[in-house]
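Here is what each chain is made of, one letter per residue.
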Amino acid sequence: MKIAVLIKQVPDSDDVRMDPETGTMVREGMGAIVNPLDLNALQAALDLRSAAGGEITVITMGPPRAHEALRECLSMGADRGMLLTDRAFAGSDTWATAKVLAAAVKKAGPFDLVVAGEKATDGETGQVGPETAALLGIPFSTYVSALSLADGGVEVSRTVEEGIQRQYLPFPCLLTVLHALNEPSMPTLAGKKRARRTEIPSEGIASIGLSQEETGLGGSATRVVKISYPTISRTTEMFDEKRIDEGIERLVAVLRDMAVI
Amino acid sequence: MKGKQFFVLGEVRDGHIHSVTFELTGKARDLADTCGGTVTAVLLSGGLADDPETLLRSGADRLMTVEHPVLSMYNQEAEVKVLAHILRQERPDVVLAPATTSGRTTLPALAAELETGLTADCTGLEMDPETGLLLQTRPAIGGNVMATIKTPVRRPQMATVRPRTFRAPDCSNALPRGEVTRPEIPPELFESRVVNLGIERAEDGGSNIQDLDVVVSGGKGLKRPESFRMLEELAALLGGGVGASRPAVEAKWMGYPHQVGLSGKVVAPKVYIAAGISGAVQHLAGMQTAGYVVAVNRDPDASIFRVADLGLCGDLFDILPRLTERIRKEVGAE
């Protein structure tokens, strides 16, 4: 079976700085990793390949340095990588990003299965997966925490508010996955060697057949108009080590007033 | 001139209208009232068990209900097709939907289908008086900053909102307004390639922390998973539930249903007690609307104290048992 894994390179910590002038992320000097849930997506693909054979293509849109992220996936065992990089993609919102990914999946495909992390740690929107599925016109499921092959498709468990919902989806389909799905394996030495030898093709806007109006800032439906820093603060009654008993008495009084106890 | 049309895509679980539907209807009413607009709530279900009039009391001018067996359990493909059909016919200006697992699944596909934008997990929504556009504010970049987003040209302007972000209006005395309609849906739109096989209800008590008056949460300061028993004991005395910070969940000390924060649940209990939680912005985004916040932490400079009403600065392994004992005495004395 042919599987595409959609990944994103993200900053390696929450401590991201914003440029107050432009309202964009300052990426210089930041460490970068593969979005953790995308590694679960890759692991799912590796497990399916072990069970049923096939080929795994890892696809990402990002700046040129995002090839590092693809290289890491190759060293974990993916067969091919595809880097979508072009100035024309800059400023894409989730919809414009999905248009690029859907075009890339079409170009590199056809695939039986497309897998991605449920969301990325930086944007946390979780929108790109379902948007890409809609643009590809294929069935999709989200919040997948268990997965098995079934007659011409997959059976999945979705972790939702009420519990675990089970669904069947025929191929081709797209899934976004959760951490609980599996434990991503570490890159192997042999994998690293192979990853170094594997060429990762770079695709631009023209080679995936999109126009300037369809992607980047111009092809986005949304615009960030303001960036602000949250200033949350309350007046705190502080009780230090020596006044803990006093603090506890105060809290009991408050809880009584609020009719909690 | 026709006013702006606001649509709320409600959530129905097992025939019951989920509270987030009322929260969003109330918010849509507020937004509509700033510009003479109308509010329509849409409910997809396998059959409504609740009286739909309650929604007309909470601010909707119209309620559209679609009932079909395929919708009795969440089916993303059928939902997207039915909602796309309705929204193409109605052409609203603004669409609000819950940022539940269902909403966060349906809405992106629906937005892509309608070729428009979508902003996830908005914590603030207002109408820009100058442009008449919806200003959608959400935590961005790991929750360290707030971004305000517009959808300038494409329609509808779409946003999802976490449950408990806005307060449901008090509609006990309000008169119902408007009407209940049942739109005609072409039968093929209920066909779905996604087949539902069943649902196993979770026994996990952590999944209802959004509905409780008291939440007692723990973070890395608890040092080991067993320490969460202290929190369970305290929470039980207060009639509450146990929450956890993202690091504590990532360390697998507690399950994901307990996670409070931007990447977990947003809670707004009467009382929130944070023990051994430093207070990363992404955690604060999940509890800042709590009524009364208590922080227990060893570090006097921990940011959790900045959002706390009452701070107990010291060793939580000393403080929590003393607090629990004191409350046990108090509760037992009554």
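Residues numbered from 1 in each chain as written. Chains lettered and ligands numbered in written order. Predicted model: local features only at pLDDT ≥ 70, side-chain atom pairs only at ≥ 80, totals over all residues.

A. Quick look at the overall build of chain A. When helices and strands are tallied, chain A shows six helices and 13 strands. In terms of overall dimensions, chain A has a C-alpha envelope of 65 × 45 × 40 Å along the principal axes. Within chain A, buried positions represent 48% of all 261 residues. Put simply, of all contacts in chain A between residues at least 6 apart along the chain, 71% involve residues at least 24 apart. (Helix = DSSP H or I, 4+ residues; strand = E, 2+ residues; numbered from the N terminus. Buried ≥ 20, exposed ≤ 12 C-beta atoms within 10 Å, placed from the backbone. Contact = placed C-beta atoms within 7 Å.)

B. Here's a closer look at the interface of chain B and chain A. Contact residues are listed per partner, giving 73 residues for chain B and 66 residues for chain A. Per-element accounting of the side of chain B that touches chain A gives the leading share, eight residues, to helix α4 (residues 101–113) of chain B. Partitioning the side of chain B that touches chain A into residue classes produces 38 nonpolar, 19 polar and 16 charged. Sheet topology places strand β9 (residues 163–170) of chain A next to strand β13 (residues 195–201) of chain B; six bridges connect them, and they run antiparallel. In the strand pairing of β13(B), A:Q165 is matched with B:I199. (Nonpolar A, V, L, I, M, F, W, Y, C, P; charged D, E, K, R; others polar. Pairing = 2+ DSSP bridges.)

C. Spotlight on the environment of B:T38. Residues and elements named next belong to chain B. The topology assignment puts T38 in strand β4 (residues 38–45). Among the residues examined, T38 registers 18 C-beta atoms within 10 Å and is labelled partly exposed. Taking the C-alpha atoms as reference points, T38 and L234, separated by 196 residues in sequence, lie 46 Å from one another. Setting aside its immediate chain neighbours within four residues, T38 contacts G3, Q5, F6, A32 and D61.

D. Spotlight on the packing of helix α3 (residues 94–108) of chain A against helix α4 (residues 128–136) of chain A. All names here are of chain A. In the contact formed by α3 and α4, the axes pass within 8 Å of each other and the chain directions differ by 55 degrees. When the interaxial angle is binned, α3 and α4 end up oblique. Crossing geometry of α3 relative to α4 is assigned as right-handed. Contacts between α3 and α4 involve T94, W95, T97, A98, K99, L101, A102 and V105 from the first element and V128, E131, T132, L135 and L136 from the second. The class makeup of the residues in the contact of α3 with α4 is eight nonpolar, three polar and two charged. (Axes fitted to C-alpha atoms, helices over the stretch in contact; angles between N-to-C directions. Parallel < 35°, antiparallel > 145°, perpendicular 65-115°, else oblique. Left-handed = near helix turned anticlockwise from the far one by under 90°.)

E. Highlighting the sheet that holds strand β11 (residues 157–161) of chain B. Residues and elements named next belong to chain B. Read from one edge to the other, the open sheet built from seven strands follows the order β7-β11-β6-β1-β4-β5-β12, with strand pairing classed as parallel. Because the sheet does not close on itself, it has two edges, and the strands there are β7 (118–119) and β12 (179–181). Sheet topology note: the strand β6 (residues 94–98)/β11 ladder contains five bridges and is parallel. Within the sheet, the bridge partner assigned to L96 lies in β11 and is A159.

F. Spotlight on the nonpolar core. With 122 residues, the main nonpolar core has A:V5, A:L42, A:A45, A:C73, A:V100, A:L101 and A:V115 as its most contacted residues. With nine residues, α3(A) is the largest single contributor of residues to this core. Core analysis: the second largest hydrophobic core is formed by 59 residues, B:F228, B:M254, B:Y256 and B:Y292 among them. (Core = buried A, V, L, I, M, F, W, Y, C linked by C-beta atoms within 7 Å.)

G. Broad picture of the domain arrangement of chain B. Residue and element names in this part refer to chain B. Partitioning chain B into domains gives domain 1 (5–190) and domain 2 (205–333). Each of domain 1 and domain 2 has a C-alpha centre, and these two points are 32 Å apart. Across the boundary between the two partners, domain 1 contributes eight residues, which contact eight residues of domain 2. (Domains from an automatic or database assignment.)

H. How the structure looks around α4(B). The first and last C-alpha atoms of α4(B) sit 19 Å apart over 13 residues, in line with the 18 Å expected at 1.5 Å per residue. Among the residues making up α4(B), those that are buried are B:S102, B:G103, B:R104, B:T105, B:T106, B:L107, B:P108, B:A109, B:L110, B:A111 and B:A112. (Expected span 1.5 Å × (residues − 1).)

I. Just the sheet that holds strand β9 (residues 134–140) of chain B, in detail. Strands sit in the order β12(A)-β10(B)-β9(B)-β8(B) across an open sheet of four strands; the sheet is antiparallel. In the strand order of this sheet, the two ends are held by β12 (223–228) of chain A together with β8 (124–127) of chain B, each with one partner. Between one strand axis and the next, the sheet turns through 25 degrees on average, direction left out of account. Where β12(A) meets strand β10 (residues 145–150) of chain B, five bridges bridge the pair, whose relative direction is antiparallel. Bridge pairing links A:R223 to B:K150 in β10(B).

J. Region of the structure containing the environment of A:P63. When you line up the elements, A:P63 lands in the loop between β4 (55–61) and α2 (67–76). Residues A:P63 and A:L84, 21 residues apart in the sequence, show an inter-C-alpha distance of 8.2 Å.

K. Focus on the confidence of the model for chain B. In the predicted model, chain B carries a mean pLDDT of 92, and 96% of its residues have values of at least 70. Reported for the predicted complex are a pTM of 0.85 and an ipTM of 0.90. (pLDDT = per-residue confidence, 0-100.)

L. Quick look at unusual backbone geometry. Looking along the chain, the bond that leaves A:G109 and enters A:P110 is cis, with omega of 5 degrees. Position of A:P110 relative to the elements: it lies in the loop between α3 and β6 (113–117). Look at the link from A:F171 to A:P172: it is a cis peptide, with omega at -10 degrees. Among the structural elements, A:P172 can be located in the loop between β9 and β10 (173–177). A positive phi angle, close to 45 degrees, is found at B:R91, a residue other than glycine. A residue is classified by how many C-beta atoms lie within 10 Å of it, and B:R91, with 11 of them, is exposed.

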